[in-house]
Amino acid sequence: MKLVYKNPRLEYSIDSILLFHEGGLSDFWTETLFEEYPKLDKNKFNTLTSLNRREYLREMLSGILETNEMNEKIIRYQNYWDANVINIQKALEDAFGIQLSNKFNNMVGNITLNPICPRFLESNTFDIYYLNSERGALGIALHEIIHFVWFHVWNSHFQDSKSEYEMPHLTWILSEMVVDTIMRHDKKLYSINPYFDEGCAYDYFYTMKIEKKPILET
């Protein structure tokens, strides 16, 4: 397993943000942007065309991250990952029952201005919000890498359509649910994840019940 952190520049950040603001997604996905950037005028943004939204974000978010600051983040994130990758790989191999030394050696963590961190299965890439510490960046990486390995194993069993691995399909819902279960499998994973105590899955999975039994226990 190999992960490299990169600076994909401002236009990539804008692309990443707009993924969650086109297509009529719920407030669960859209509100975070305006909470993190209160200088953005939500009412104005929502009335703009797609092209004008891009121009507005470019104007308002340009200059937030200087090159030197970004380079420092890349170094800190990378060093912390490199110091923990051996234990992470061993824990994931135990959890999934597969060897990972020759798999997922092309993963990329793109550091962006998007407070939501999407993952892209086909390219083994994911986004990291720039305000994360190195420990926070590792916690996000663990969440997304569990998705990568989960879907690799899932597809080897079911050989189904990978188009169903994205929301709102049931296969996607299950994949988001099980991150918590996999994370709890080994102390080497959850002890280095600063987000573990807050929950590694979406909040509603912790209150969801089927026949009065918590869904995560099922």
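So, here is what we can say about the structure in this document. (Residues numbered from 1 in each chain as written. Predicted model: local features only at pLDDT ≥ 70, side-chain atom pairs only at ≥ 80, totals over all residues. Heavy atoms only, no water.)

1. Focus on the overall build of the protein
Put simply, the rule reads: Think of it this way: any DSSP run of H or I at least four residues long counts as a helix, any run of E at least two long counts as a strand, and we number them from the N terminus. Each radius of gyration is computed over the set of C-alpha atoms, and the globule rule expresses the reference value as 2.2 Å times the number of residues to the power 0.38. A simple rule labels every residue: compare its accessible area, found with a 1.4 Å probe on the protein chains alone, to the largest value its type can have, and call it buried under 20%, exposed over 50%, or partly exposed in between. In this analysis, two residues are considered to be in contact whenever any of their non-hydrogen atoms come within 4.5 Å of each other. Only the protein chains shown count as covering a residue, and every accessible area follows the Shrake-Rupley method with a 1.4 Å probe. Charge convention: Lys and Arg are scored as positive, Asp and Glu as negative, and His as well as the terminal groups of each chain are ignored. In this description, the location of a charge corresponds to atom NZ of lysine, CZ of arginine, CG of aspartate or CD of glutamate.
Secondary structure summary: the protein contains 8 helices and 6 strands in total. Start at the N end of the protein and walk to the C end: the helices and strands fall as β-α-α-α-α-α-β-β-β-α-α-α-β-β. What you see for the protein is a C-alpha radius of gyration of 18 Å, in line with the 17 Å of a compact globule of 218 residues. Overall, the protein is about 50 × 45 × 35 Å in size when its C-alpha atoms are taken along their principal axes. For the protein, buried positions account for 46% of its 218 residues. Within the protein, contacts between residues separated by at least 24 positions form 66% of all contacts whose residues are at least 6 apart in sequence. In the structure as shown, the protein presents an accessible area of about 11600 Å², 51% of it carried by carbon and sulfur atoms. Here the protein contributes 22 positive and 31 negative side-chain charges, whose respective centroids are spaced 3 Å apart.

2. Topic: the pairing of strand E1 (residues 3-6)
Our working rule: At least two DSSP bridges between two strands are required for those strands to pair.
Across the two faces of E1 the burial differs, with Leu3 and Tyr5 buried and Val4 and Lys6 not buried at all. Relative to strand E2 (residues 107-112), E1 runs parallel, the two being bridged by 4 bridges. Residue pairing for E2: Lys6 is matched across the bridge by Asn110.

3. Observations regarding unusual backbone geometry
Omega for the bond connecting Met167 with Pro168 falls within 30 degrees of zero, at 10 degrees, which places this linkage in the cis form. With respect to the helices and strands, Pro168 occurs in the loop between helix H6 (134-158) and helix H7 (170-183). Even without glycine at this site, Asn124 takes up a positive phi of about 55 degrees. Within the secondary structure, Asn124 sits in the loop between strand E3 (119-120) and strand E4 (125-129). We classify Asn124 as buried; its relative accessible area is 13%.

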